[in-house]
Amino acid sequence: MWPYIRGPHYFNSDLSIYKTFRFKEKHQIELRLEAFNFLNHPLKMFNVNGSYSDLSLLFAAPVAGTANSNSLTTGFPLYATGYRVGLVSIKYKF
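Numbering of residues begins from 1 in every chain and follows the order in which that chain's sequence is written. Since the coordinates come from a predicted model, pLDDT governs what is reported: local features require at least 70, and pairs of side-chain atoms require 80 or more to be given and counted, while whole-chain, interface and lining totals use all residues. Side-chain metrics in this entry use all non-hydrogen atoms of the structure; hydrogen atoms and water are not considered.

Caption draft 1: Here's a closer look at the side chain of glutamate 30. Counting from the N terminus, the helices are the DSSP runs of H or I reaching at least four residues and the strands are the DSSP runs of E reaching at least two. Turning to its location among the elements, glutamate 30 is positioned in strand β2 (residues 27-36). For the purposes of these results, a polar contact is taken to be a pair of N or O atoms within 3.5 Å, where, inside protein, one atom must be able to donate a hydrogen and its partner to accept one; residues adjacent in sequence count only when each atom of the pair is a side-chain atom. Within polar-contact distance, the side chain of glutamate 30 engages the side chain of arginine 32 at 3.2 Å. The contacts of glutamate 30, once residues within four sequence positions are left out, are Tyr18, Lys19, Thr20, Ser89, Ile90, Lys91 and Lys93. Residue contacts are counted whenever heavy atoms from the two residues lie within 4.5 Å of one another.

Caption draft 2: Highlighting the pairing of β2. Pairing of strand β1 (residues 14-23) with β2 involves ten bridges; the strand directions are antiparallel. Residue pairing across strands places threonine 20 opposite glutamate 30, the latter belonging to β2. Criterion used throughout: strands pair if DSSP finds at least two bridges between them. Counting the residues between successive antiparallel strands, the hairpin from β1 to β2 contains three residues, one of them, lysine 24, with a positive phi of roughly 50 degrees. Here β2 pairs with strand β5 (residues 85-93) via nine bridges, running antiparallel. Within β5, the residue paired with glutamine 28 across the bridge is lysine 93.

Caption draft 3: Up close: the layout of surface pockets. Think of a 1 Å grid over just the protein atoms. A cavity is a set of points where a 1.4 Å probe fits yet cannot get out, a pocket is an open set with protein on both sides within 12 Å along at least five of seven lines, and lining residues have an atom within 4 Å of a point. Grid points are joined across faces, edges and corners, and a volume is the space filled by probe spheres set on the points. Of the voids in this model, the second largest pocket is the one considered here, and its volume is about 170 Å³. In terms of lining residues, the second largest pocket is bounded by His9, Tyr10, Asn37, Asn40, His41, Pro42, Leu43, Thr81, Gly82, Tyr83 and Arg84. All residues other than Ala, Val, Leu, Ile, Met, Phe, Trp, Tyr, Cys, Pro, Asp, Glu, Lys and Arg, Gly among them, are scored as polar; the first ten of these are nonpolar and the last four charged. In the lining of the second largest pocket, the residues fall into four nonpolar, six polar and one charged.

Below, the structure is given as structure tokens:
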């Protein structure tokens with residue numbers, strides 16, 4: 001039986017704002033700005049392109065008296081997954 005494994009928080013939240021400008025009696029222009037998942041941030045990961053190679057963590061045998069020889073990482077993930085989406089739209093009504 002697995003114990004409770006806490007993952008990163010995820011909020012499914014959207015935000016939208018719009019303004020309508022009127023001119024020449026019947027004409028309208030609507031400017032709309034939308035943001036999807038705006039509260040979330042990219043999650044750090046070790047794997048590349050979803051290969052899930054980080055499921056088994058393997059360490060190279062260190063040579064006595066040396067420090068980390070990997071110049072790419074110092075114990076921190078190189079990649080991030082997830083994103084925020086923004087949308088800008090203009091609508092002309094006549």
